[in-house]
Amino acid sequence: DVKVTQSSRYLVKRTGEKVFLECVQDMDHENMFWYRQDPGLGLRLIYFSYDVKMKEKGDIPEGYSVSREKKERFSLILESASTNQTSMYLCASRHSRDNYGYTFGSGTRLTVV
Amino acid sequence: GQSLEQPSEVTAVEGAIVQINCTYQTSGFYGLSWYQQHDGGAPTFLSYNALDGLEETGRFSSFLSRSDSYGYLLLQELQMKDSASYFCAGPNRDDKIIFGKGTRLHILP
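Presented here is a report on the structure given in the accompanying data block. (Residues numbered from 1 in each chain as written. Chains lettered and ligands numbered in written order. Predicted model: local features only at pLDDT ≥ 70, side-chain atom pairs only at ≥ 80, totals over all residues. Heavy atoms only, no water.)

Some points on the overall build of chain B
The condition is simple: Per the convention used, a helix needs a DSSP run of H or I reaching at least four residues, while a strand needs a run of E reaching at least two, with both numbered from the N terminus. Using C-alpha atoms as the atom set, the radius of gyration is obtained and then compared with a globule rule of 2.2 Å times the number of residues to the power 0.38. Between two residues, a contact is recorded if the distance between any of their heavy atoms is within 4.5 Å. In short, Shrake-Rupley with a 1.4 Å probe defines the accessible areas, and a residue's cover is counted only from the protein chains shown. We score Asp and Glu as negative and Lys and Arg as positive, and we do not count His or the chain ends. One atom stands in for each charge, and that atom is NZ of Lys, CZ of Arg, CG of Asp or CD of Glu.
Within chain B one finds zero helices and 11 strands. Element order for chain B, N to C, with α for helix and β for strand: β-β-β-β-β-β-β-β-β-β-β. Its C-alpha atoms give chain B a radius of gyration of 13 Å, near enough to 13 Å, the size a compact globule of 109 residues would have. Dimensions along the principal axes, computed over C-alpha positions, put chain B at roughly 40 × 30 × 20 Å. Put simply, of all contacts in chain B between residues at least 6 apart along the chain, 56% involve residues at least 24 apart. Of the accessible surface of chain B, which amounts to about 5100 Å², a share of 49% is contributed by carbon and sulfur atoms. Side chains of chain B give 7 positive and 12 negative charges; the mean places of these two sets differ by 6 Å.

Pasting the structure below:
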């Protein structure tokens, strides 16, 4: 069964910590995405990558960075965690030829205290 | 701007039919997709309309009218397990998919 795996389901971190959220997909997808989901705001795109070593800013990149060293892995980094980054983080991937078919990971619920 | 608008909540009765609407404003638009998300779960892909008209997949159907910048998801023979949030999504001019804020579907027994 093909899937997108996020390394942690729940995380609690302290303000100021550097946080790494890992995402791995086994579908040989070129494109990978990081979203955060907040009540009333829906899914908002943080960063995305169309291929290895490539990265592009989404709609809300401030306070975040990403790394795509291998095709199957896309990491989201919170440089210095803040309480307003408490959220559900969702990783997704798709084939480059698809305009619509995201496969999502199960999400990481991050709490910054 | 680029946005997709959908109702925040819809309530329907088990066994009935419900329609969730989505209107959009995106440039370079070329399709509308729908996702389902149960509480605590990940969004899962339901359907995609590249062309005008109705696409049917079992109890779920999706419709698109590009001239009206409008689409909907139709759920028939509602079951309690259909209680979830439903998102419409479409590509923006940078080929990124943007999502509506989601419609929470409540199903009454």
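Examining the sheet that holds strand β1 (residues 3-5) of chain B
All names here are of chain B. Quick reminder of the rule: Strand pairing requires that DSSP identify at least two bridges connecting the strands. Helix axes use the C-alpha atoms of the stretch in contact, all axes being lines fitted to C-alpha atoms, and the angles between their N-to-C directions lie in the range 0 to 180 degrees.
The sheet built from five strands is open, its strands ordered β1-β3-β8-β7-β6 with antiparallel pairing. The open sheet is flanked by β1 and β6 (53-57), the only strands paired with a single partner. Strand-to-strand, the axes of this sheet are offset by a mean angle of 20 degrees, without reference to chain direction.

As for the pairing of strand β5 (residues 44-49) of chain B
Residue and element names in this part refer to chain B. Note that strand β4 (residues 32-37) and β5 share five bridges and pair antiparallel. Among the inter-strand pairings, Ser 33 is bridged to a residue of β5, identified as Tyr 48. The turn joining β4 and β5, which pair antiparallel and follow one another in sequence, is formed by six residues; a positive phi near 80 degrees is taken by Gly 40.

Concerning the packing of aromatic side chains
In plain terms, the rule: Note on ring pairs: Phe, Tyr and Trp rings are taken, using the six-membered ring of Trp, and paired if centres are within 6.5 Å. Classes follow the plane angle, with under 30 degrees stacked, over 60 edge-to-face and the rest tilted. We call a charge positioned over a ring when the NZ of a Lys or the CZ of an Arg lies within 6 Å of the ring centre and within 35 degrees of the ring normal.
Applying the stated criterion to the full structure yields 17 aromatic pairs over all chains. Judged by centre distance (4.9 Å) and plane angle (20 degrees), the ring pair of B:Phe63 and B:Tyr72 falls under stacked. Clustering of aromatic rings is evident, with ring pairs tying together A:Phe33, A:Tyr35, A:Phe48, A:Tyr50, A:Tyr102, A:Phe104, B:Tyr35, B:Phe45 and B:Phe99. The side chain of A:Arg9 reaches across the aromatic face of A:Tyr10, ending 5.7 Å from its centre.

Remarks on the interface of chain B and chain A
Reports often express the size of an interface as the amount of accessible area lost when the parts come together. This is how the line gets drawn: Buried area is a sum: the accessible area each of two parts loses on coming together, probed at 1.4 Å, counted once for each and added. What counts as a salt bridge is simple: a side-chain nitrogen of Lys or Arg found within 4 Å of a carboxyl oxygen of Asp or Glu. Any pair of N or O atoms that falls within 3.5 Å is considered a polar contact. Within protein, one atom must be able to donate a hydrogen and the other to accept it, and sequence-neighbouring residues count only if both atoms are side-chain atoms.
Taken together, the contacts link 17 residues of chain B with 22 residues of chain A. With both sides pooled, the region where chain B packs onto chain A buries about 1600 Å², and carbon together with sulfur makes up 58% of that total. Three residues stand out in chain B for area buried against chain A, namely B:Lys96, B:Ile97 and B:Phe99, and they jointly supply 33% of the buried area on that side. Counting the contacts that link chain B with chain A gives zero salt bridges. Our count for the chain B to chain A interface comes out at four residue pairs in polar contact (both at pLDDT 80 or more). Listed by contribution, the elements that provide at least two residues to the side of chain B that touches chain A are β4, β5 and β10 (97-99) of chain B.

Observations concerning the side chain of A:His95
All names here are of chain A. Applicable threshold: Burial classification: accessible surface area is computed with a 1.4 Å probe over protein chains only, and a residue below 20% of its type maximum counts as buried, one above 50% as exposed, and the rest as partly exposed.
Looking at where His 95 falls in the secondary structure, it is placed in the loop between β10 (87-94) and β11 (103-104). Classification of His 95 by relative accessible area gives buried; the value is 18%. Among the polar contacts made by the side chain of His 95, one reaches the side chain of Glu 30 at a distance of 3.2 Å. Those residues in contact with His 95 that lie beyond four places of it in its chain are Met 27, Asp 28, His 29, Glu 30 and Asn 31.

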